[in-house]
Amino acid sequence: IIYENETLGYFFALNRKAKFDNQTQRLLPLFAQKAREGILRLNTANRSNSILQANILMDALSGATPAETSLRTKVSGLKFGQYMRVLVICSTYDRAPDFYSQILFPELEQILPDQIIFPYQASLACLMNTDIHGTIPNDLRQKLSDFSQKHHMLIGVSNVFSHISQFAEFTEQARTALS
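Quick caveat, the model's predicted, so the values are computed rather than measured.

Enquirer: Help me out: how do you make sense of the pairing of strand S5 (residues 123-129) in this one?
Expert: Burial analysis of S5 places six of its seven residues in the buried class, the great majority of the element. Pairing of strand S4 (residues 116-120) with S5, which is carried by five bridges, proceeds in the antiparallel orientation. Of the residues in S5, the one forming a bridge with Ile 116 is Leu 127.

Enquirer: Sorry if this is basic, but what is going on with the sheet that holds strand S6 (residues 153-157) here?
Expert: Backbone-to-backbone hydrogen bonds pair the strands of a sheet. The strands run either parallel or antiparallel. Overall, antiparallel pairing links the four strands, which are arranged S4-S5-S3-S6 in an open sheet. Unpaired on one side and paired on the other, S4 and S6 mark the two borders of the sheet. The mean angle between the axes of side-by-side strands here comes to 20 degrees, regardless of whether they run parallel or antiparallel. Sheet topology note: the strand S3 (residues 84-91)/S6 ladder contains five bridges and is antiparallel. By the bridge assignment, Leu 87 is partnered in S6 with Val 157. Packing against the sheet, helix H5 (residues 138-151) makes contact with S3, S5 and S6, and its axis sits at approximately 140 degrees to S6. Most of the contacts of helix H6 (residues 167-177) go to S3, to which it runs at about 45 degrees, and overall it touches S3, S4, S5 and S6.

Enquirer: I keep staring at the nonpolar core and nothing clicks. Help me out?
Expert: Across soluble globular proteins, nonpolar side chains have a tendency to be buried as a group. The biggest cluster of nonpolar side chains holds 19 residues, and the ones touching the most others in it are Leu 108, Leu 112 and Leu 124. Those elements that place two or more of their residues in this core are S3, helix H4 (97-111), S5 and H5. With six residues, H4 is the single largest residue contributor to this core. With residues up to four places along the chain from it excluded, the contact list for Leu 108 reads Ile 89, Ile 117, Leu 124, Leu 144 and Phe 147. With 18 residues, the next largest nonpolar core counts Leu 57, Met 84, Val 86 and Leu 127 among its residues.

Enquirer: I keep staring at H5 and nothing clicks. Help me out?
Expert: Owing to its 3.6 residues per turn, the α-helix brings residues three or four apart onto one side. For H5, spanning 14 residues, the distance from its first C-alpha to its last is 20 Å, which sits close to the expected 20 Å at 1.5 Å a residue. Turning to H5, its buried residues number three or more, namely Leu 140, Leu 144, Phe 147, Ser 148 and His 151. On an axial view of H5, the arc spanned by its buried residues comes to 100 degrees, and they lie on one face. Exposed and facing more than 90 degrees away from the buried side of H5 are Asn 138, Gln 149 and Lys 150. Once H5 finishes, His 152 follows within two positions and takes phi at roughly 55 degrees, a positive value.

Enquirer: What is the right way to look at the packing of aromatic side chains in this model?
Expert: Within a pair of aromatic rings, the relevant descriptors are the distance that separates the centres and the angle that separates the planes. Applying the stated rule across the entire model yields two aromatic pairs. With centroids separated by 6.4 Å and ring planes inclined at 45 degrees, the aromatic side chains of Phe 118 and Phe 167 adopt a geometry described as tilted. Of the two residues, Phe 118 is situated in strand S4 and Phe 167 in helix H6; the sequence distance between them amounts to 49 residues. Like Phe 167, Phe 118 is buried. Considering the side-chain rings of Phe 161 and Phe 170, the 4.8 Å spacing of their centres and the 15 degrees angle between planes classify their relative orientation as stacked. On the basis of relative accessibility, which here comes to 10%, the residue Phe 170 falls in the buried class.

So, how was this worked out
Residues numbered from 1 in each chain as written. Predicted model: local features only at pLDDT ≥ 70, side-chain atom pairs only at ≥ 80, totals over all residues. Heavy atoms only, no water. Buried < 20%, exposed > 50% of the residue type's maximum accessible area, 1.4 Å probe, protein only. Helix = DSSP H or I, 4+ residues; strand = E, 2+ residues; numbered from the N terminus. Pairing = 2+ DSSP bridges. Axes fitted to C-alpha atoms, helices over the stretch in contact; angles between N-to-C directions. Contact = heavy atoms within 4.5 Å. Core = buried A, V, L, I, M, F, W, Y, C linked by side-chain atoms within 4.5 Å. Expected span 1.5 Å × (residues − 1). Arc of directions from axis to C-beta. Phe/Tyr/Trp six-rings, centres within 6.5 Å; stacked < 30°, edge-to-face > 60°.

This is the structure we're talking about:
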């Protein structure tokens, strides 16, 4: 997937048969386009780092060990905050997957402009930098509350943690808070 002469990612399609049928061949470019749109949604001031950070976090949630997450972070040269929380945002009822990416994501990006946000299962996940106490400023709390009420969303918030290798553990904690 190339955007402005920069490789953002790759789209692979596998088939058990030797050749894709005609209908599948017509759908593959649409799947690739959707993948491209998803990557471009992560567009921030420093798009490449944001994409790389989100990929490391998504891999952590997909089963990468804490050691692998730490190593990938170290090798990439990326820096995460010293103190962080995870927010998991999900609907109180079933929503189409596009609702998260096309409606909620852009609005949440306006509320949390300097945080890493990405789709995760039937929700959005956000790695939020905080102070040592995990304080979420009152004005931000109010914005998140308004967002939650407007869209009938639940927001699970993890405890504070200080190493990115703990991301998957604290994401699960935020998800558990939704139960």
